[in-house]
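# Structural characterization, general
In case you want the letters, here they are:
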Amino acid sequence: MSTCGSLLEKPQRIAESPSGKHRVLIIDDDEAMTETLARRLHHVGFDTEVASSGEEGLAKARATRPDLVILDLRLPDRDGLNVCSELADDSATCAIPVIILSGMESPDLLRRCRAAGCHYFLHKP
């Protein structure tokens, strides 16, 4: 059960960015994809941070508490669904919405993403 719904531990408030802009953490090992996405998000007014592995992404999410996480499912060290579940189950990160951006396709993928705590799913081009 997610600690966001637990009465024992309240979710921690997300700190504001020093720049006052919304912060997006992109967790993807595809450098070209993260660079392009970060540049486009920055162009429309977001601060971005990038992590190229699941462990790095979890550490950055816990440390910086971004306003949004964009997550790939295929990471070099962990399955993206496990990363999503861990974010959803941690009181420090459970209030952060997660968008999964992936090229994977399977009949039950959307169901599995929702079960892991994903808020939205986008297919990579």
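Refer to the structure printed above.
Please read these numbers as outputs of a predicted model, since none were measured by experiment.

## A look at the side chain of Asp 28
- Take Asp 28: it is sitting in the loop between β1 (23–27) and α1 (31–43).
- Of the polar contacts made by the side chain of Asp 28, one reaches the backbone nitrogen of Asp 30; its length is 2.9 Å.
- Contacts of Asp 28, omitting those with residues within four sequence positions, involve Met 33, Thr 34, Ala 51, Ser 52, Asp 72, Leu 75 and Lys 124.

## As for the side chain of Asp 90
- Here Asp 90 lies in the loop between α3 (80–89) and β4 (98–102).
- Given the relative accessible area of 18%, Asp 90 is considered buried.
- Reaching out from Asp 90, the side chain makes a polar contact with the backbone nitrogen of Ala 92 at a distance of 2.8 Å.

## What about α3?
- Restricting attention to buried positions, one finds in α3 the residues Gly 80, Leu 81, Val 83, Cys 84, Leu 87 and Ala 88. Projected onto a plane normal to the axis of α3, the buried residues spread over an arc of 160° and lie on a single side.
- For α3, the secondary structure elements touched by its buried residues are β1, α2 (54–64), β3 (68–71), β4 and α4 (109–116).
- A distance of 2.8 Å separates the backbone nitrogen of Leu 81 from a side-chain oxygen at the start of α3, and that oxygen is part of Asp 79.

## Side note on the sheet that holds β1
- The strand order β2-β1-β3-β4-β5 describes an open sheet built from five strands, whose pairing is parallel. At either margin of the open sheet sits one strand with a lone partner, and together these are β2 (47–51) and β5 (120–123). Between one strand axis and the next, the sheet turns by 20° as a mean value, whatever way the strands run.
- One ladder, built from four bridges, connects β1 with β3; its direction is parallel. If you follow Leu 25 over to β3, its bridge partner there is Val 69.

## Details of the pairing of β2
- Two strands pair when backbone bridges link them, and β1 and β2 are joined in this way by five bridges, in the parallel orientation. Bridge assignment links Leu 25 to a residue of β2, and that residue is Glu 49.

## Looking at a negative patch on the surface
- Taken together, the side chains of Asp 29, Asp 30, Glu 31 and Asp 77 make up a negatively charged region of the molecular surface.
- Among the structural elements, Asp 29 can be located in the loop between β1 and α1.

## As for α1
- If you check α1, its first and last C-alpha atoms are 18 Å apart, about what 13 residues at 1.5 Å a residue would give, namely 18 Å.
- Taken as a whole, α1 has its buried residues at Thr 34, Ala 38 and Leu 41. What you see down the axis of α1 is that its buried residues fit within an arc of 70°, all on one side. For α1, the exposed residues lying more than 90 degrees away from the buried face are Ala 32, Arg 40 and His 43.
- The inward-facing, buried residues of α1 contact β1, β2 and β3.

About the thresholds
- Note that residues are indexed from 1 along each chain, following the sequence as it is written.
- At least 70 in pLDDT is required for a residue's local features to be given in this predicted model, at least 80 for side-chain atom pairs to be given and counted, and no such filter applies to totals for whole chains, interfaces and linings, which use all residues.
- To get the side-chain values, take all heavy atoms of the structure and skip hydrogens and water.
- Counting from the N terminus, the helices are DSSP H or I runs at least four residues long and the strands are E runs at least two residues long.
- What qualifies as a polar contact is a pair of N or O atoms within 3.5 Å, subject to a donor-acceptor requirement within protein and to the restriction that residues adjacent in sequence count only when both atoms come from side chains.
- Whether two residues are in contact is decided by their heavy atoms, any of which lying within 4.5 Å being enough.
- Working definition: with a 1.4 Å probe on protein chains only, accessible area under 20% of the residue-type maximum means buried, over 50% means exposed, and in between means partly exposed.
- To be clear, the arc concerns the directions from the helix axis to the C-beta atoms.
- Strand pairing follows a simple DSSP-based rule, namely that at least 2 bridges must link the two strands.
- Axes here mean lines fitted to C-alpha atoms, for a helix over just the part in contact, with angles spanning 0 to 180 degrees between N-to-C directions.
- For patch detection, residues must exceed 30% relative accessible area and be free of salt bridges, and they are connected within 9 Å for like charges or within 5 Å for nonpolar side chains (Val, Leu, Ile, Met, Phe, Trp, Tyr).
- Using a 1.4 Å probe, the Shrake-Rupley method yields the accessible areas, and only the shown protein chains count as cover for residues.
- A side-chain nitrogen of Lys or Arg and a carboxyl oxygen of Asp or Glu constitute a salt bridge if their distance falls within 4 Å.
- Charge assignment in this entry is limited to Lys and Arg as positive and Asp and Glu as negative, and neither His nor the chain termini are counted.
- The atom standing in for a charge is NZ when the residue is Lys, CZ when it is Arg, CG when it is Asp and CD when it is Glu.
- One less than the residue count of a helix, multiplied by 1.5 Å, gives the span that helix is expected to have.

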